[in-house]
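Letter by letter, the chains look like this.
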Amino acid sequence: MKATPVILALLAVATHAAEPPTAEETAFFEKHIRPMLVEKCYDCHSAKAEKIKGGLTLDTRDGLRRGGDNGQVVIPGDAEKSALITAIRYQDSDLAMPPKKAGGKLPDAVIRDFEQWVKMGAPDPRTGSAPPIAKKYDTSAAKNWWAFQPPKASAPPTVKDAAWPRGDIDHFVLAALEEKGLSPVGDADKATLLRRVYFDLTGLPPSPDELRAFLTDQSPAAFEKIVDRLLASPRFGEHWGRHWLDVARYAESSGRDVNVTFPNAWRYRDYVVAALNEDKPFDRFAQEQLAGDLLPAADARQRAEQLVATGFLAVGAKSLNETNPRQFAVDLADEQADSVGQAFLGLTVGCARCHDHKFDPVSQRDYTALAGIFLSTDTRFGTPGGVQGRNLSRLVELPAEARVPIVAAPMAAEKFKGKTARMEDLSAQLAKILADRAPNNPNRERNMQGGMNAFDIVRLFTQKAELEAELSNYESDGRPKALTMGVADKPLTATTTRRGPSRGQRTSGFEIIGDSPLFGRGDIAKAGDPVPRGMPALLATAPEIPPDTSGRLQLAQWLTSPGNPLTSRVIVNRAWHWLFGRGLVASTDNFGTTGERPSHPELLDSLAKRFTADGWSLKRLIRQIVLSRTYQLAATHDDARFAADPENALLWRHSPRRLDAESIRDAMLAASGSLDLKPPVSLIAKAGDGPVGGPRNNVITDEQASQAMHNGRSLYLPAARSVPPEALSVFDLPDASAVRGAREVTNVPAQSLFLMNSEFVTQQSGRLAARVLAAYPGDAAAHFDERFAHACWLTLGRAPEAAETAAAKALLARKPATAWPAIARGLFTSAPFRMNR
């Protein structure tokens, strides 16, 4: 949606309906045209693009022929009249494409290829249909969209079957079902319900002893007691913290052009887990993540906690090798503004970077006002030595009195002394070079001609900056400081004495608190008048931002103000999604006009109103939902109900769904008896700062990042971008480059292959077999029924079915020596093990 007519001119390559391309034309297209379209266009203009820009899809002939919102730009046979050729020739500065940030002007040989291709008639051998062009919306009418209106309190509706509901949620759900002539299925059996709520609240299965205790507890409050115990468990914060980390695009490396570690990212992860375990009110949780450094603190420990919370703004993906510091600053602010908009408001405000939002009432001016808040923010992500001196950053120092844990190893005194001496030597060399080349030096011309060239000087500045940044992380005696990723406000005035890796580097022009110019078409070379920092005007009344602050505190207060209709709805809907597999609003990250309407609008508003009245307590919200009869329904399939509501939007049953990646792995560890609940130290934190993978100078290899294994919870596995743990990525661990309130759920052969061949699964199968055999001593064939039942209770949370027992016995008869590890693996690879019903 950030596309402009300029982008359309480059990308909307259209062909006429002509004869199929000849073999020679096909060969020319495949060799010279398709590769450039893939490299330069597909990220934004293909069916797989996260956001299809300008109504263009260029991965099919149909898309190329049709063009985009502004029509076709290629005139087959006439290169001189084709705007595409004008754009790639850089003949018009307004049309010049690709943009500099995407590599700049194409080589002359490539331009000649495109000219020849157009003269040939722009032949394209590809097939396939392009998605329909989205209709244009009147954003003035969009202000009336349901999500932009205040939540309304509604009394629970009356229902025909008055005996069925147990609370307000059930009244709303049953009323919607009865309106469609439907009714809910029966209740889940106790074993299924207990396994469901254990996984939903903690991400772990119940033990056989816990299952037996619940099955024998006939008291009316038996399930309620279980729910309260699970909400109070430390395991709750680990599981629900992982949900929020998806939203927060959490990772331990930068990703993108050069993948550099974030050795201090783990502090933010642990902050999230602790905050959810203590049931920190969500409005406070949000405020700390956006402006914890600007909030008052009662003591050093709370101050440290709030500083760590601002890691939310620092952990996003970054193009650390961007050569233009101004472009880097603007892109960083864009990533932050877009993430805040989706995470807390469910709005794609980033789509207004280059022009007014095509669908929602957010103007480019609104976007620029918001971006100015983040351009006035010093984002400290800390990457000394990782990216050839480009876009280095400091870290936030935590109060020593807080006594927070420190993972980094001390630096030997001699090493610290040597690095300090080296930095002083570089400073002296650079001071002399600058003095020799100063305009008032009479020998300036001779000095410029001899000695170091510009590249050598930049290299010295880079080495000095890296050393300065590294040494700033240690005390003078080599003890590591307590550091975290986070943010702070930029200064009010520029200073030449500022310490840190930015000294000696080119500046961005955004070194102090100030307003952002409105960039024409999002191009930093087309800076217009500044726009006062602020928030989009379509929601709650926006507070004024004092001139001496970035505005993050005012933004955080505005997001969580009673007049903001989105924040409470969005988090309530996320919680519903995480418990049911589908939100009341199916598009969890998009409450705008291109998103889905709520299936139960009165229920959503009722929950949002109660949520804020209950002090923004997530635990109270979750408790209310899981104690409803709606949550406790069976997953029974019914043909008639399915025909009327195949997506189960009306909640006539509990939709069965696959466990998430972490729960699958953790359940294996739990079943085998190997799970270690003590959080391990982050592998990336121990590795320190530097590249992930690569041919040399890496601090952690791709294999270490993807194959790392320990017996702790999967939450604590390495989280490097581009190289996630294989055990998680195969089961749809989301890409951490953007907000993800809802994970994709696939069922592909790679998952079965992993379960059948993984060394991890082999190891856990052996341990499960040993555990089962130890529980009932004897030879391999002894106590078969008891052993197999025990294995099923450990893995499936239920007794075995007759057919399962028969299959296991047949396997034992064929291979008695190796049968039990094979039986254990069979249970781990089975669909019931991976499903939450």
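What counts, and where the lines are drawn
- Residues numbered from 1 in each chain as written.
- Predicted model: local features only at pLDDT ≥ 70, side-chain atom pairs only at ≥ 80, totals over all residues.
- Heavy atoms only, no water.
- Helix = DSSP H or I, 4+ residues; strand = E, 2+ residues; numbered from the N terminus.
- Rg over C-alpha atoms; globule rule 2.2 N^0.38 Å.
- Buried < 20%, exposed > 50% of the residue type's maximum accessible area, 1.4 Å probe, protein only.
- Contact = heavy atoms within 4.5 Å.
- Areas by Shrake-Rupley, 256 points an atom, 1.4 Å probe, with all protein chains shown as cover.
- Lys, Arg positive; Asp, Glu negative; His and termini not counted.
- Charge placed at Lys NZ, Arg CZ, Asp CG, Glu CD.
- Expected span 1.5 Å × (residues − 1).
- Arc of directions from axis to C-beta.
- Core = buried A, V, L, I, M, F, W, Y, C linked by side-chain atoms within 4.5 Å.
- Pairing = 2+ DSSP bridges.
- Axes fitted to C-alpha atoms, helices over the stretch in contact; angles between N-to-C directions.
- Parallel < 35°, antiparallel > 145°, perpendicular 65-115°, else oblique.
- Left-handed = near helix turned anticlockwise from the far one by under 90°.
- Nonpolar A, V, L, I, M, F, W, Y, C, P; charged D, E, K, R; others polar.
- Salt bridge = Lys/Arg side-chain N within 4 Å of Asp/Glu carboxyl O.
- Phe/Tyr/Trp six-rings, centres within 6.5 Å; stacked < 30°, edge-to-face > 60°.
- Lys NZ or Arg CZ within 6 Å of the ring centre and 35° of its normal.
- pLDDT = per-residue confidence, 0-100.

What to know about the overall build of the protein chain
Thought 1: A tally of regular secondary structure across the protein chain gives 34 helices and 8 strands.
Thought 2: Taken over the C-alpha trace, the protein chain has a radius of gyration of 30 Å; the compact-globule value for 837 residues is 28 Å, and the two agree within 12%.
Thought 3: Seen through its principal axes, the protein chain has C-alpha atoms that stretch 95 × 75 × 60 Å.
Thought 4: Going through the 837 residues of the protein chain one by one, you find that 55% of them count as buried.
Thought 5: Here the analysis covers contacts within the protein chain between residues at least 6 apart in sequence; of these, 70% occur between residues at least 24 apart.
Thought 6: Accessible surface, the protein chain as shown: approximately 35,800 Å² in total, 52% of it carbon and sulfur.
Thought 7: The protein chain carries 103 positive and 99 negative side-chain charges, and their two centres are separated by 2 Å.

Topic: helix α32 (residues 802–814)
Thought 1: With 13 residues, α32 extends 19 Å from end C-alpha to end C-alpha; this agrees with the ideal 18 Å at 1.5 Å per step.
Thought 2: Within α32 the residues assigned to the buried category are Thr 805, Ala 808, Leu 811 and Leu 812. Along the long axis of α32, the arc covered by the buried residues comes to 125°, so they all point the same way. Among the exposed residues of α32, those pointing more than 90 degrees away from its buried face are Ala 802, Ala 803, Ala 813 and Arg 814.
Thought 3: On its buried face, α32 is in contact with α31 (784–795) and α33 (819–829).

Points about the nonpolar core
Soluble globular proteins tend to bury their nonpolar side chains together.
Thought 1: The biggest cluster of nonpolar side chains holds 134 residues, and the ones touching the most others in it are Leu 201, Trp 244, Phe 312 and Phe 344.
Thought 2: Looking at this core, the element that brings in the most residues is helix α15 (residues 325–345), giving 10 residues.
Thought 3: Residue contacts for Leu 201: discarding those within four places in its chain leaves Val 227, Leu 230, Leu 231, Arg 235, Phe 236, His 239, Trp 240, Leu 579, Ile 622 and Val 626.
Thought 4: Formed by 36 residues, the second largest nonpolar core is a distinct cluster that contains Phe 199, Ile 664, Val 772 and Leu 796.

Quick notes on the pairing of strand β4 (residues 486–489)
If a strand is regular, its side chains alternate between the two faces of the sheet.
Thought 1: Burial of the side chains of β4 extends over both faces: Gly 486 and Ala 488 are buried on one face and Val 487 and Asp 489 on the other.
Thought 2: Two strands pair when backbone bridges link them, and strand β1 (residues 377–380) and β4 are joined in this way by 4 bridges, in the antiparallel orientation. Looking across to β4, one finds that Asp 378 is bridged to Ala 488.

Quick notes on the packing of helix α13 (residues 282–291) against helix α20 (residues 552–559)
Thought 1: It is the contact of α13 with α20, at a shortest axis distance of 9 Å, that shows an interaxial angle of 160°. Put simply, α13 runs roughly antiparallel to α20. Handedness of the crossing formed by α13 with α20: right-handed. Residues Gln 287, Leu 290 and Ala 291 of α13 form the contact with α20, whose participating residues are Arg 552, Leu 553, Ala 556 and Leu 559.
Thought 2: Here the contact of α13 with α20 is built from residues that sort into 5 nonpolar, 1 polar and 1 charged.

Comments concerning the pattern of salt bridges
Thought 1: Per the stated rule, a full pass over the model turns up 46 salt bridges.
Thought 2: Asp 246 is paired through a salt bridge with Arg 743; the nearest N and O atoms lie 2.6 Å apart. Separated by 497 residues along the polypeptide, Asp 246 in helix α11 (residues 234–247) and Arg 743 in the loop between α28 (726–729) and α29 (749–757) bring together distant segments of the chain.
Thought 3: Judged by relative accessible area, which is 6%, Asp 246 ranks as buried.
Thought 4: Between Arg 479 and Asp 477 there is a salt bridge, with the nearest N and O atoms lying 2.8 Å from each other.
Thought 5: For Arg 479, a relative accessible area of 48% puts it in the partly exposed group.
Thought 6: A relative accessible area of 42% means that Asp 477 is categorised as partly exposed.
Thought 7: If you follow the salt bridges from partner to partner, you end up with Arg 235, Glu 238, Arg 665, Asp 666 and Arg 713 in one network.

A word on the packing of aromatic side chains
Thought 1: Under the definition given, this model contains 25 aromatic pairs.
Thought 2: A centroid spacing of 5.9 Å and a plane angle of 20° characterise the contact between Phe 236 and Trp 240, whose relative ring orientation is stacked. Within this pair, Phe 236 and its partner Trp 240 are both found in helix α11, separated by 4 residues, close to a single helical turn. Across this residue pair, the class does not change: Phe 236 and Trp 240 are buried.
Thought 3: Among the aromatic residues, those joined into a ring-pair cluster are Trp 244, Tyr 250, Tyr 268, Tyr 271, Phe 282, Phe 285, Phe 312 and Phe 344.
Thought 4: Over the ring of Phe 214 we find Lys 190, and its NZ or CZ is 4.5 Å from the ring centre.
Thought 5: Over the aromatic face of Tyr 631 sits the side chain of Arg 196, whose NZ or CZ is 5.7 Å from the ring centroid.

Topic: the environment of Met 756
Thought 1: For Met 756, the location among the structural elements is in helix α29.
Thought 2: Met 756 gets classed as partly exposed once you look at its relative accessible area, which sits at 49%.
Thought 3: With residues near it in sequence (within four places) discarded, Met 756 still touches Arg 825 and Thr 829.

Side note on unusual backbone geometry
Thought 1: Positive phi, close to 55°, is recorded for Arg 521, a residue that is not glycine.
Thought 2: Within the fold, Arg 521 resides in the loop between β5 (516–519) and β6 (527–531).

Some thoughts on the confidence of the model for the protein chain
Thought 1: Considering every residue of the protein chain, the mean pLDDT works out to 89; 92% of them sit at 70 or more.
Thought 2: Note on residues 497–504: pLDDT under 50 across the span, and 14 contacts to partners over four residues away in sequence or across chains.

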